[in-house]
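Inside the fold
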Amino acid sequence: MNETLIFMGPPGAGKGTQAVKLCENRKLKQLSTGDMLRDHVRRGTELGVQAKQIMDAGKLVSDEVIIGMVRAELESMEEVRVLFDGFPRTTAQAEALDQLLQDFNAPLAGVVLLEVDEEVVTQRLLKRAELEGRSDDNEQTIRNRLKVYNEQTAPLIGYYEGTGKLKKVDGMGEVADVEARIQGILG
Ligand code: AMP
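The notes below deal with the structure included here.

This paragraph deals with the sheet that holds strand β1 (residues 3–8). Sheet architecture is open: five strands sit in the order β2-β3-β1-β4-β5, paired in parallel fashion. Edge positions in the sheet fall to β2 (29–32) and β5 (166–170), since each of these pairs with one other strand and no more. The mean angle between the axes of side-by-side strands here comes to 25°, regardless of whether they run parallel or antiparallel. Sheet analysis places strand β4 (residues 108–115) next to β5, joined by five bridges and oriented parallel. Residue pairing across strands places Val112 opposite Lys167, the latter belonging to β5. Taken strand by strand, helix α4 (residues 63–75) contacts β2 and β3 (81–85), and its axis lies near 160° from that of β2.

Before going further, it helps to spend a moment on the pattern of salt bridges. Following the criterion strictly, the structure yields 13 salt bridges and no others. Residue Asp39 pairs with Arg42 through a salt bridge whose shortest N-O separation is 3.8 Å. Of this pair, Asp39 and Arg42 both sit in helix α2 (residues 33–43), separated by three residues, roughly a single helical turn. A relative accessible area of 65% places Arg42 in the exposed class.

Before going further, it helps to examine the nonpolar core. The biggest cluster of nonpolar side chains holds 32 residues, and the ones touching the most others in it are Ile6, Met8, Leu31, Val70, Leu74, Phe84 and Tyr160. Listing elements by their share of this core, those giving two or more residues are β1, α2, α3 (46–56), α4, β3, α5 (91–103), β4 and α8 (155–161). Ignoring sequence-local partners within four residues, the contact set of Met8 consists of Lys15, Val111, Val112, Leu113, Leu114, Tyr149, Thr153, Leu156, Ile157 and Tyr160.

About the criteria used
Throughout, residues of each chain are indexed from 1 in the direction in which the sequence is written. Predicted model: local features are reported for residues with pLDDT of at least 70 only, side-chain atom pairs are reported and counted for 80 or more only, and whole-chain, interface and lining totals are derived from all residues. The side-chain figures draw on all heavy atoms in the structure; neither hydrogens nor water molecules are used. Any two strands with at least two DSSP-identified bridges between them are counted as paired. Elements are defined by DSSP. Helices are runs of H or I of four residues or more, strands are runs of E of two residues or more, and each kind is numbered from the N terminus. Fitted lines through C-alpha atoms give the axes, limited to the stretch in contact for helices. The angle between two N-to-C directions lies from 0 to 180 degrees. Contact between two residues is taken to exist if any of their heavy atoms lie within 4.5 Å; hydrogens are not considered. The salt bridge criterion pairs a side-chain nitrogen of Lys or Arg with a carboxyl oxygen of Asp or Glu, the two atoms within 4 Å. Any residue under 20% of the maximum accessible area for its type is buried, any over 50% is exposed, and the rest in between are partly exposed; the area is computed with a 1.4 Å probe on protein chains only. By nonpolar core is meant a set of buried Ala, Val, Leu, Ile, Met, Phe, Trp, Tyr and Cys residues that side-chain atoms within 4.5 Å join together.

This is how it looks when you write it as structure tokens:
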């Protein structure tokens, strides 16, 4: 049966980590637009070359490109059981996703918002920069990504609150504790 979930929260909130766990439990496929873009960058595709500059600046790749990528991915699936991680990030993407979910007859089970302290998030990202060497994890880019999140993505909290699907989860503390909170709220 089709089912979708959205993971929201600022960069560094732990969306990726928690998404992996939830996908195992609910048999969902994690669809991270950031991972898809990094894959393009690695493969040196035309899209990858364009996206890299934007990503390294901490800005957003165009809605058109992102929505096209997500649509193509959904089209390739027999059953749409997806956890969206890092998508949607703008109102235009959220509206496009509403339409896609209708087209693919895939209901939205919930939108999980991981709430964290911004200073803690910044420290987490700086640590990840050391460990993974992601080129978009330097301090300037991190600050920019948080700014972009607050300006362009945070308004989606209100958007999804209006649908009654938003589930706020305290994202602070141990990974296992956050996982338990998410399980508890989703049932
Ligand atoms: P993430 O791994 O989700 O933090 O994404 C890394 C970078 O990829 C972001 O800072 C953006 O430049 C780009 N990106 C990922 N997902 C999106 C999206 N849904 N819309 C626009 N840009 C995105």
